[in-house]
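Each chain, letter by letter, is given below.
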Amino acid sequence: MTDDRKEQVNRLMDSLSGIDGDLLQDVEPAGRRPGLSWRGWTSLAAGFVLLLVTGFVIRQFLWPGAGSYDQASAPEAVPPSVLEYEEEGSREVSGTKSQDGLPESVCLTEDALLPFADQTASLLGGGDPAADRVYSPAGLYQALLFYSGDPGEDQVDRAGRESLDRLATGENPGLPSFTSSLILPPTAADNLPPSLIENVDALPYQILEGAEAADQLREWNLPPDRLLIQQSADLSLGLTALQALDEGPGGPPYFTVAGVTIHRDGEDGTLLAEFPLEDGRLFLILPGRGVTPEDLLGRGDLFSSLDQAPGRPEETAVRLPQFKLADEQDWLADDLPELSGFGVDQEGYSTGIRQRMTFEVQPNPALSATCPATLIDFDRPFLFVLLDEGGLPLLAGVVRSPYNKPH
Amino acid sequence: MEGGDQDRVTAIGDRTDEGILDLYFERSEEAIEATMVKYGALLRSLSWNILKDREDVEECVNDTYLAAWKKIPPERPRYFKAYLCKIVRNASLDKLRAKKREKRGGGQIALIFEEMEELLASDSDPVRMVETAELSRLISDYLRRQPDRRRIIFLKRYYYASPLREIAREEGTTEGAVKVLLYRMRGELKEELRKEGYGD
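On a predicted model such as this, the values are computed, not experimentally measured, just so you know.

Draft legend 1. The overall build of chain B, seen in detail. Within chain B, the secondary structure is distributed over 10 helices and zero strands. In chain B, buried positions account for 50% of the 200 residues. In chain B, the share of contacts with a sequence separation of at least 24, taken over all contacts with a separation of at least 6, comes to 66%. As presented, chain B carries roughly 9,500 Å² of accessible surface, and 49% of it is formed by carbon and sulfur atoms.

Structure follows, in structure tokens:
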């Protein structure tokens, strides 16, 4: 676009700002409050069966090696960059670009996963301050393994190696809703580094090429030169509920879960609640009064702090809104490049990691028991983390629009 | 937020636009607070669609409150919501240009700029370009003649810079259908502008 045309487009955009005010009175931005949808109580019966053993199943897909990740090995200090990590006295530094634009040396290690999850989670603190968010750190990690080029033994640790090997078998049992695909546009086909092409063959991504890829990118309104890893998950998690109430027409349903392990931070009143799951661990983190989710995310230790919660654990009941989040983000188009050292723009194409995640928490068939006299009420914005039984960070996010407590 | 504070916020948020404007005229600092409660989320959302940067958004929104405080009085906008949106939208566009970051944010705002470029004549002549205010009037006239649904979809896309996917979801249709509708509207608007001497 020439400077003259740019100026004219700018003038058009400015002109729109000055349109008559009455034309705007009934118009709001689309998707202003995305993600949180309150289900009608009548649909609950159909939803009762949806206790997916999320951790187990995703783990089969993303991280099949049982016990391959040891939380105890996580470092205490968060490294300055998720892909800059000191290991055994040597320091692998990413961000040094080779001729093909990809980092020359990438260290994605078992121990790096937790800091990676911590730092990517801290990015949730940015963005639309009104939006609910959900993403998969493990999915991002796995996608970066792909983009890192040659996943040789000297660059990818055992956990990453096992992940790639198991994925290569195409095993994806029991979770048809979790899919991963690679969009390979024509502009990228002739410019990919050989190591990346080898990875294309090694991974069981659904691969879209040529016109099919172009059509898909067009449908998603993305540039035609985008080499894109697309990950989708639609997860529904059931929690055994004590009691369920409906706020009435238009109001949000909520439910009470007993036997929740709570840690209280004496300093700022933040609560860490661990919910009982058969396979995996679900944490909800309720910021103390005067503390925001953004404050907690800004500390950069969302995952690594889970097993270092202050205070003695106690068991209590928790009341939750029934929530469903939907989120979509191209991570390499936003903050991740600065964090990981991976750039978006390559020669002839640009890379992307697009995650489309939905996460729903709802009550399993309510037990006929009375509601406890005291309970913790998640009546303000909170964070959540879902780990598999081996500690793999499957999902994390923030619920910024919980229900308003009835008066 | 304690119960008392919550009640107070609710009361502030319940104010009508006229009530808020009265506060400005009284030079009550509660005017800003009431504006934030009632329109803060809307302004942040609009700015976010353009800038995709939390700090920039906060800066633009805060500048908007300050601008409103400075301008009211003597101004007393007839449509307070549109008045605030205009300020924050212009501030966000200015910041976007200043930072030369049109390609950020998943390319959404860059795409909107490209779509708007279609309204330009192929061989534009700046001499024949009308003034911005006149252009605003022409666009307003065009939108006023549109059915509500068309007007709303157009403004969601080009005023609020909303993603096509979200517009389609809220309108209960497909992205493709929204694209086609917007394409037609751009063509119609281009023709209208041409008749009025804008471009060819």
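Draft legend 2. Fine view of the pattern of salt bridges. Counted under the stated rule, the structure contains 31 salt bridges over all chains. Salt-bridge contacts for R226 of chain A lead to D330 of chain A; the nearest nitrogen and oxygen are separated by 2.4 Å. Residue R226 of chain A is found in strand β6 (residues 226–240), and its partner D330 of chain A is found in strand β12 (residues 323–330); the two are separated by 104 residues along the sequence. On the accessibility criterion, R226 of chain A (7% relative accessible area) is buried. Taking relative accessible area as the criterion, D330 of chain A reaches 9% and is therefore assigned buried. For D141 of chain B, the salt bridge is made with R137 of chain B, and the minimal N-O distance between the two is 2.7 Å. Placement of both D141 of chain B and R137 of chain B in helix α7 (residues 132–144) is noted, with a separation of four residues, approximately one turn of the helix. Overlapping salt bridges, with partners in common, bring together R149, K156, E170 and E171 of chain B in one network.

Draft legend 3. Representation of the interface of chain B and chain A in the model. Listed as interface residues are 66 residues of chain B and, on the opposing side, 46 residues of chain A. Carbon and sulfur atoms supply 55% of the area that chain B and chain A bury against each other, a total of about 5,300 Å² over both sides. It is R54, Y79 and K81 of chain B that lose the most area in chain B upon contact with chain A, and together they represent 11% of the buried surface on that side. In this structure, the connection of chain B to chain A is made through four salt bridges. Note that D22 of chain A is salt-bridged to R144 of chain B, the shortest N-O span being 2.6 Å.

Draft legend 4. Helix α3 (residues 30–51) of chain B, seen in detail. At Y39 of chain B, α3 of chain B shows its maximal kink, close to 65°. Two residues or fewer after α3 of chain B comes K52 of chain B, characterised by a positive phi angle close to 55°.

Draft legend 5. A look at the packing of α3 of chain B against helix α4 (residues 54–71) of chain B. All names here are of chain B. One can describe the packing of α3 onto α4 by two numbers: an axis separation of 9 Å at closest approach and a directional angle of 135°. Taken together, α3 and α4 sit at an angle that is classed as oblique. α4 is crossed by α3, and the crossing has right-handed handedness. Mapping the contact onto sequence places A31, I32, T35, M36, G40, L43, R44, S47, W48 and L51 in α3 and R54, D56, V57, E58, C60, V61, T64, Y65 and W69 in α4.

Draft legend 6. Focus on the confidence of the model for chain A. Mean pLDDT over chain A works out to 66, with 57% of the residues at or above the 70 mark. Counted against residues more than four places away or in other chains, residues 150–177 of chain A, with its pLDDT under 50, gives 58 contacts.

Draft legend 7. Summary view of the packing of aromatic side chains. If you walk through the whole model with that rule in mind, you get 11 aromatic pairs over all chains. Residues F323 of chain A and F382 of chain A carry aromatic rings whose centres are separated by 5.7 Å and whose planes lie at 70° to one another, so their mutual orientation is edge-to-face. You can see F323 of chain A sitting in strand β12 and its partner F382 of chain A sitting in strand β16 (residues 382–387), a full 59 residues away along the chain. Taking 6.3 Å as the distance between ring centres and 40° as the angle between the ring planes, the aromatic pair formed by F323 of chain A and F384 of chain A counts as tilted. Of this pair, F323 of chain A sits in strand β12 while F384 of chain A sits in strand β16; the two residues are 61 residues apart in sequence, bridging distant segments of the chain. With respect to burial, F323 of chain A and F384 of chain A carry one shared label: buried. Taken together, the ring pairs connect F323, F359, F378, F382 and F384 of chain A into an aromatic cluster. Positioned over the ring face of W69 of chain B is R27 of chain B, at 3.9 Å from the centre of the ring. For the cation-ring pair, R89 of chain B lies above Y159 of chain B, with the distance from its terminal atom to the ring centre recorded as 4.9 Å.

Draft legend 8. Focus on the side chain of S15 of chain A. Inspection of the secondary structure puts S15 of chain A in helix α1 (residues 3–17). We classify S15 of chain A as buried; its relative accessible area is 0%.

Draft legend 9. How the structure looks around the packing of helix α2 (residues 17–25) of chain B against α3 of chain B. All names here are of chain B. Orientation of α2 relative to α3, taken along the N-to-C sense of each, is 150°, at an axis distance of 8 Å. Regarding the angle of α2 to α3, the classification is roughly antiparallel. Relative to α3, the crossing made by α2 is left-handed. In this structure, α2 contributes D17, I20, L23 and Y24 to the contact, and α3 contributes E30, A31, I32, A34, T35, K38 and Y39. Taken together, the residues that form the contact of α2 with α3 break down as seven nonpolar, one polar and three charged.

Draft legend 10. Summary view of the pairing of strand β14 (residues 349–364) of chain A. All names here are of chain A. The buried fraction of β14 amounts to 14 of the 16 residues, a majority that puts the element mostly inside the structure. In the sheet, β6 pairs with β14 via 15 bridges, with the strands oriented parallel. Opposite L239, over in β14, you have P363 as the bridge partner. In this sheet, β14 lies alongside β12 in antiparallel orientation, the contact comprising eight bridges. Pairing of A326 across the sheet is with T358, part of β14.

Draft legend 11. Focus on the pairing of strand β11 (residues 314–321) of chain A. All names here are of chain A. With six of eight residues buried, β11 lies mostly within the body of the structure. The pairing of strand β8 (residues 254–264) with β11 spans seven bridges and is antiparallel. From the neighbouring strand, I262 faces β11, where its bridge partner is E314. Looking at chain direction, β11 and strand β15 (residues 376–377) are connected through two bridges and run parallel. Following the sheet pairing, V318 is matched in β15 by I376.

Draft legend 12. Structural context of the confidence of the model for chain B. Residues and elements named next belong to chain B. For chain B, the average pLDDT comes to 79, and 82% of its residues sit at 70 or higher. When pLDDT is averaged over each helix and strand of chain B, the minimum, 47, is found for helix α1 (residues 3–13) and the maximum, 92, for α2. Scored below 50 in pLDDT, residues 101–106 shows 19 contacts in the model against residues more than four places distant or in partner chains. Confidence drops under pLDDT 50 across residues 123–128; counting only partners more than four residues distant or on other chains, this segment forms nine contacts. Confidence estimates for the predicted assembly give a pTM of 0.51 and an ipTM of 0.73.

What counts and how
- Residues numbered from 1 in each chain as written.
- Chains lettered and ligands numbered in written order.
- Predicted model: local features only at pLDDT ≥ 70, side-chain atom pairs only at ≥ 80, totals over all residues.
- Heavy atoms only, no water.
- Helix = DSSP H or I, 4+ residues; strand = E, 2+ residues; numbered from the N terminus.
- Buried < 20%, exposed > 50% of the residue type's maximum accessible area, 1.4 Å probe, protein only.
- Contact = heavy atoms within 4.5 Å.
- Areas by Shrake-Rupley, 256 points an atom, 1.4 Å probe, with all protein chains shown as cover.
- Salt bridge = Lys/Arg side-chain N within 4 Å of Asp/Glu carboxyl O.
- Buried area = accessible area lost by both parts, 1.4 Å probe.
- Bend = angle between axes of the 7 residues up to and from the residue.
- Axes fitted to C-alpha atoms, helices over the stretch in contact; angles between N-to-C directions.
- Parallel < 35°, antiparallel > 145°, perpendicular 65-115°, else oblique.
- Left-handed = near helix turned anticlockwise from the far one by under 90°.
- pLDDT = per-residue confidence, 0-100.
- Phe/Tyr/Trp six-rings, centres within 6.5 Å; stacked < 30°, edge-to-face > 60°.
- Lys NZ or Arg CZ within 6 Å of the ring centre and 35° of its normal.
- Nonpolar A, V, L, I, M, F, W, Y, C, P; charged D, E, K, R; others polar.
- Pairing = 2+ DSSP bridges.

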